[in-house]
Amino acid sequence: MRALRVLSGVQPTGSIHLGNYFGAIKNYVKLQEDYDAFYCVVDLHAITAGGHDPTALEASTRTSAAIYLAAGVSPEKANVFVQSHVPAHSELCWLLNCAAPIGWLEKMIQFKEKARKAGEEVSVGLLDYPVLMAADILLYKADLVPVGEDQRQHLELTRDIAGRVNSLYGGKKWKKRKGGDVLMVPEAFTPKEGGRVMSLTDGTAKMSKSNPAEGSRINVLDTPDEIAKKLKRCKTDAFEGLEFGNPERPEANNLLTMYQLCTGLTQEEVLAECGSMRWGDFKPHLTDAVIAHLSPIQGRYKEIMDEPGYLEDVLKRGAENANEVANLTLRDVRDAMGFVQY
Ligand code: ATP
């Protein structure tokens, strides 16, 4: 029996921030110990907004992959690759497009929200985003897809699309010949462990790359000065003392959580240390903790970028392995759908 497989990715839509790091990448490092891990930089997903800056995409793709490695993802334990280096993602997406009813896609909450903002300029790619995500997952027969709650609806859609392909093309004849379904319907999606980090300018919105306000996030590669400035200016409240979990105090909860994530302390330990502090004392304290946590990652990032050819080699190797696995699934789908292949 094959090892259980995990698949996940981050879009190279900008600088990787503390939310991506604590919510996704840090977890990748843990999961690579027990799973056959496939971690990609999902560059094809990053262009769905339409009219992206090609230079920025290229830089962000390399930087994101290097941050995975700097944060502790090991190329000896995990396959790190760029999504567009595995053409099967685009091809399976097309095949799935022709099986997925458009009504299913129009119901996606994320599409409705983003399309409302984009107005008439909304791209076909944005509507198709979840089908590409289904292709990502189904190609690797992933057992675990650790993504945030915001992606749950897309994961459900993946199951529906796989089920539809199986019922359309994987009937009795196929089952008899192959002994199973065309696509593996992923059974359980375990939500990702780890912290949800909120915006510094609005403690109720998630920290995100696409927020136009640079001051709303701390990037993994921010300098100590930038971190200090952002935290000095970030939104706080007029309550006395600091506490977790008070719905009237989203900023306090967020900043204490950030401190907890950076220090590895428990909530009780954080409160014992910082509960009675004023914002003016806590902010420099948090700044030191964030800088101390990020500085070794930044050091490794610099080493990776300074070593000629290293990143390219890792990504090439990762793509070779990913192509091998992905092409097996693609071949089955092509076969089931009646494409001539040799
Ligand atoms: P964008 O703003 O371009 O949509 P993003 O910053 O929201 O990007 P994604 O690339 O969509 O990030 O997500 C990559 C991973 O990071 C996903 O697993 C997602 O759940 C996680 N993630 C993103 N933002 C946060 C956050 N603020 N807190 C915790 N996890 C997050």
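Please read all numbers here as calculations on a predicted model, not as lab measurements. (Residues numbered from 1 in each chain as written. Predicted model: local features only at pLDDT ≥ 70, side-chain atom pairs only at ≥ 80, totals over all residues. Heavy atoms only, no water.)

**Student:** Explain the sheet that holds strand E2 (residues 36–41) to me, please; I cannot follow it from the model alone.
**Tutor:** Hydrogen bonds between backbone groups are what pair the strands of a sheet, and the pairing can be parallel or antiparallel. The sheet built from 3 strands is open, its strands ordered E1-E2-E3 with parallel pairing. The outermost strands of the open sheet, each flanked by one partner alone, are strand E1 (5–10) and strand E3 (78–82). Strand-to-strand twist of the sheet, defined as the mean angle between neighbouring strand axes without regard to direction, takes the value 20 degrees. The pairing of E2 with E3 spans 5 bridges and is parallel. Paired with Cys-40 across the two strands is Phe-81, which belongs to E3. (Pairing = 2+ DSSP bridges. Helix = DSSP H or I, 4+ residues; strand = E, 2+ residues; numbered from the N terminus. Axes fitted to C-alpha atoms, helices over the stretch in contact; angles between N-to-C directions.)

**Student:** Where do I start with unusual backbone geometry in this structure?
**Tutor:** Trans is the common state for peptide bonds, and a negative phi is the common state for residues other than glycine. The residue Lys-141 is not glycine, and still its phi comes out positive at about 50 degrees. Note on placement: Lys-141 falls in the loop between helix H6 (124–139) and helix H7 (152–169).

**Student:** Would you mind showing me how to read helix H12 (residues 279–306) here?
**Tutor:** Side chains that are three or four residues apart share a direction in an α-helix, a result of its 3.6 residues per turn. A rise of 1.5 Å per residue sets the reference length of H12, with its 28 residues, at 40 Å; its end C-alpha atoms lie 39 Å apart and thus fit the reference within 8%. Along its length, H12 shows its largest kink, about 30 degrees, at Leu-294, and proline Pro-296 lies within four residues downstream of that point. Burial in H12 covers these residues: Trp-279, Phe-282, Lys-283, Leu-286, Thr-287, Ala-289, Val-290, His-293, Leu-294, Ile-297, Tyr-301 and Ile-304. (Expected span 1.5 Å × (residues − 1). Bend = angle between axes of the 7 residues up to and from the residue. Buried < 20%, exposed > 50% of the residue type's maximum accessible area, 1.4 Å probe, protein only.)

**Student:** Could you clarify how one ought to interpret the domain arrangement of the chain in this entry?
**Tutor:** You'll often see interface size given as the accessible area lost when the parts meet. Looking at the chain, the domain boundaries give domain 1 (5–195 + 309–337) and domain 2 (214–303). The straight-line distance from the C-alpha centre of domain 1 to that of domain 2 is 31 Å. Contacts between the two partners involve 13 residues from domain 1, matched on the other side by 14 residues from domain 2. Buried surface at the junction of domain 1 and domain 2, summed over both partners, amounts to about 1200 Å²; 77% is from carbon and sulfur atoms. The interface formed by domain 1 and domain 2 includes 0 salt bridges. On the surface where domain 1 and domain 2 come into contact, there are 4 residue pairs in polar contact (both at pLDDT 80 or more). Put simply, the parts of the chain that give the side of domain 1 that touches domain 2 at least two residues each are helix H1 (18–31) and helix H2 (54–70). When its residues are assigned to classes, the side of domain 1 that touches domain 2 shows 8 nonpolar, 4 polar and 1 charged. (Domains from an automatic or database assignment. Contact = heavy atoms within 4.5 Å. Buried area = accessible area lost by both parts, 1.4 Å probe. Salt bridge = Lys/Arg side-chain N within 4 Å of Asp/Glu carboxyl O. Polar contact = N/O pair within 3.5 Å; in protein donor to acceptor, adjacent residues only side chain to side chain. Nonpolar A, V, L, I, M, F, W, Y, C, P; charged D, E, K, R; others polar.)

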